[in-house]
Amino acid sequence: MSTDSSVDVAVIGGGPAGSTVSTLLAQRGAKVRLFERDQFPRFHIGESLIPETYDVLKRLNMLPKMKASGFVKKYSVQFVNAQGKMSAPFYFDENKPGERSQTWQVVRSEFDTMMLDNARKHGVDVRQPARVLEVLFEGDRAVGVKVQKEGGGSEEVRAKVVVDASGQSTMLQNKFKLRLWDPVLNKGAIWTYWEGAYRDAGKDEGATVVIQTPNKQGWWWYIPQHDNTVSIGVVAPFDYLFKGRGSHEQVFNEEKDACPEVTKRLSTGQRRGGYYATKDYSYRSSQVAGEGWALIGDAFGFLDPLYSSGVLLALKSGELAADAIADGLASGDTSAAQLGRWGDVFNKGVDRMRRLVCEYYDGFSFGQFVKAYPHLKGKVTDLLIGDLFDDHVDEVWGPLESLYPPDKKAIPTWKDGTPPDEVNKVNELYLPANPMR
């Protein structure tokens, strides 16, 4: 074993969260080394961005690259109910005019590569492929990482701060048993890609369409991409999708054939690629940071993909953590309190999106709400674009509750979550240990 030179910050993982925190720290003069185990480009699901990514992308100097890309421009989201009735589009720029209300549908293999290349250009020392074997501790303080060397053996890299952006591998979350599985959002997903499928014209071409299944058991995502393909997937309760049913292909086709809106949209094209499945079990860590370490992106938590918030939460957690770490390095304070000072604000934002997700699964209708409270359409659109970290959006909850049936029960909080072992015993029976998500 050899010991490599020390750095200010060691980052585990080169996805959007890891690239974000690394780039912003490098901009503030920190010596950052990022370790990514895979060689990019690599496949990843989660293609739809929402507008609130704009400000973080601007700080990262990514906007010129995004504008020059071929990614499909996204101006809105639209919903189709179980009866096949389509809502009016929620146009983002009607609520907040300007370029920050237009976003993109991305191919993640391309987007993630662009983000990591951008980190390199900002001075981040990217090691790829490089597998982190463990985080090194002295007492309860993280002091570096042990990394597997390409030719065999390992090396230790000392760091003042270690950032876990390892995705759903969640190295430190697993080490300290911090994960809480969401008590409500225990979904699964099956998806594939379709070439030449229907897409709307003009401004609506790049819209994300959310299609409720006729039996109301789940919903479909329909996301147009720039290579003439559509990402198409069904999300439903885990047991419904995977217990006592056939192959992923069979279940996908059964659900497709039962949904006229999906069948109609796919009729003009043909499938490209295989069928993929994952457990969309939402979870969060009970803390965002410790002495000398922090969790960001999926290494901190994962939220049901209904409103395409995944990349936003990765970028936002990376941004907030970067500011806390940079300030801490400048003052010599890398305590848990300093590195995790952003946790309450971030969790409150995730809670808002989670509530909107849970309300949808519990029967919330955007059309009915806007009809009853037309003056609040802008606030609902704020939530859909990811404006989650400002109290002004909380104006919607009282009116929303006024439409509840008398017997509706309160939504359990994520802190009422399920112990990890109980969930693992179930999902390991039906899905591979490392689903592509």
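Reading the values: the criteria
- All residue numbers refer to position in the chain's written sequence, counted from 1.
- Selection of residues for local features in this predicted model requires a pLDDT of at least 70, selection of side-chain atom pairs for listing and counting requires 80 or more, and totals for whole chains, interfaces and linings are taken over all residues.
- As a convention, hydrogens and water are excluded, and side-chain values are obtained from all of the structure's heavy atoms.
- Numbering goes from the N terminus for both helices and strands, where a helix is a DSSP run of H or I of at least four residues and a strand is a run of E of at least two.
- Radius of gyration here is computed from C-alpha atoms only, and the compact-globule reference equals 2.2 Å multiplied by the residue count raised to the power 0.38.
- It only takes one pair of heavy atoms within 4.5 Å for two residues to be counted as in contact.
- A 1.4 Å probe and the Shrake-Rupley method give the accessible areas. Residues count as covered only by the protein chains that appear here.
- Residues scored as positive are Lys and Arg, those scored as negative are Asp and Glu, and His as well as the terminal groups of each chain are ignored.
- Note that the charge is assigned to NZ on lysines, CZ on arginines, CG on aspartates and CD on glutamates.
- UniProt positions are given in the numbering used here, feature names are shortened, and annotations may be inferred rather than shown by experiment.
- Any residue under 20% of the maximum accessible area for its type is buried, any over 50% is exposed, and the rest in between are partly exposed; the area is computed with a 1.4 Å probe on protein chains only.
- Within this document, salt bridges are pairs made up of a side-chain nitrogen of Lys or Arg and a carboxyl oxygen of Asp or Glu, the two lying within 4 Å of each other.
- Lines fitted to the C-alpha atoms define the axes, with helices restricted to the stretch that makes contact. Angles between their N-to-C directions range from 0 to 180 degrees.
- In what follows, roughly perpendicular refers to angles from 65 to 115 degrees, roughly parallel to angles under 35, roughly antiparallel to angles over 145, and oblique to any angle outside these ranges.
- Helix crossings fall into two classes, left-handed where the near helix is turned counterclockwise from the far one by less than a right angle and right-handed where it is turned clockwise.
- Amino acid classes used here: Ala, Val, Leu, Ile, Met, Phe, Trp, Tyr, Cys and Pro are nonpolar; Asp, Glu, Lys and Arg are charged; the rest, including Gly, are polar.
- For our purposes a nonpolar core is just a set of buried Ala, Val, Leu, Ile, Met, Phe, Trp, Tyr and Cys residues, chained together by side-chain atoms within 4.5 Å.
- Ring pairs are drawn from Phe, Tyr and Trp, using the six-membered ring of Trp, whenever the two centres fall within 6.5 Å, and their geometry is named by plane angle: stacked under 30 degrees, edge-to-face over 60, tilted for the rest.
- Look at NZ for Lys and CZ for Arg. If either is within 6 Å of the ring centre and within 35 degrees of the ring normal, a charge sits over the ring.

### Describing the overall build of the protein chain
Across its full length, the protein chain carries 16 helices and 18 strands. A compact globule built from 437 residues would reach a C-alpha radius of gyration of about 22 Å, and the protein chain, at 21 Å, matches this within 12%. Dimensions along the principal axes, computed over C-alpha positions, put the protein chain at roughly 65 × 45 × 45 Å. If you take every contact in the protein chain between residues at least 6 apart in sequence, the share linking residues at least 24 apart comes to 76%. Approximately 17,600 Å² of the protein chain is accessible, and the part contributed by carbon and sulfur atoms is 48%. One way to put it: in the protein chain the 54 positive side-chain charges average out to a point 1 Å from where the 57 negative ones average out.

### Overview of the UniProt feature "domain: FAD-binding" (unreviewed entry) in the protein chain
Per the UniProt annotation, the sites labelled "domain: FAD-binding" (unreviewed entry) are residues 7–178. For the annotated span residues 7–178, helix accounts for 27% and strand for 31% of the residues, and the straight-line distance between the end C-alpha atoms is 27 Å.

### Quick notes on helix 14 (residues 377–385)
Residues separated by three or four positions in an α-helix point in the same direction, a consequence of the helix having 3.6 residues per turn. Turning to helix 14, its buried residues are V380, T381, D382, L383, L384 and I385. Structurally, helix 14 contributes buried residues whose contacts are with strand 4 (76–80), strand 5 (90–91), helix 4 (92–95), helix 12 (343–361), helix 13 (366–372) and helix 15 (397–402).

### What to know about the pattern of salt bridges
This model, assessed by the stated rule, comprises 38 salt bridges. Of the charged contacts in the structure, one is a salt bridge between R127 and D125, with a shortest N-O distance of 3.0 Å. Residue classification places D125 among the partly exposed positions, given a relative accessible area of 26%. R352 is the salt-bridge partner of D391, the closest N and O atoms lying 2.7 Å from each other. Taken together, the residues span a long stretch of sequence, with D391 in the loop between helix 14 and helix 15 and R352 in helix 12 at a distance of 39 residues. A relative accessible area of 48% places D391 in the partly exposed class. Overlapping salt bridges, with partners in common, bring together R355, E359, D362, E401 and K408 in one network.

### Quick notes on the side chain of T23
Mapped onto the elements, T23 comes out in helix 1 (residues 16–27). Contact partners of T23, with chain neighbours within four places excluded, come to L60, N118, A119, H122 and V124.

### What about the packing of helix 1 against helix 10 (residues 310–331)?
In the contact formed by helix 1 and helix 10, the axes pass within 8 Å of each other and the chain directions differ by 30 degrees. As the angle between them shows, helix 1 and helix 10 are arranged roughly parallel. Here helix 1 runs over helix 10; the crossing is right-handed. Counted together, P16, A17, T20, V21, L24 and L25 of helix 1 and A314, L315, G318, E319, A321, A322, I325 and A326 of helix 10 form the full contact between these two elements. Of the residues contributing to the contact of helix 1 with helix 10, the split by class is 11 nonpolar, 2 polar and 1 charged.

### Examining the nonpolar core
Among the nonpolar cores identified, the biggest contains 106 residues, and V145 and Y307 are the most heavily contacted of them. With 11 residues, the top contributor of residues to this core is helix 10. Not counting chain neighbours up to four residues away, the residues in contact with Y307 comprise I50, F79, M353, L356, V357, Y360, F366 and L384. Counting 26 residues, the second largest nonpolar core, distinct from the first, contains V234, F238, C259 and Y283.

### With respect to the packing of aromatic side chains
For the structure shown, the criterion picks out 26 aromatic pairs. With a centroid separation of 5.8 Å and an interplanar angle of 65 degrees, the aromatic rings of F300 and F346 are classed as edge-to-face. Taken as a pair, F300 in the loop between strand 17 (293–295) and strand 18 (301–302) and F346 in helix 12 lie far apart in primary sequence, 46 residues in all. Each member of the pair, F300 together with F346, is buried. Their ring planes at 75 degrees and their centres at 6.0 Å tell us that Y360 and Y361 sit as a pair that is edge-to-face. Taken together, the aromatic side chains of F79, F90, Y307, F364, F366, F369 and Y373 make up a single cluster linked through ring pairs. The aromatic ring of Y283 is capped on one face by R179, whose charged end is 4.2 Å from the ring centroid.

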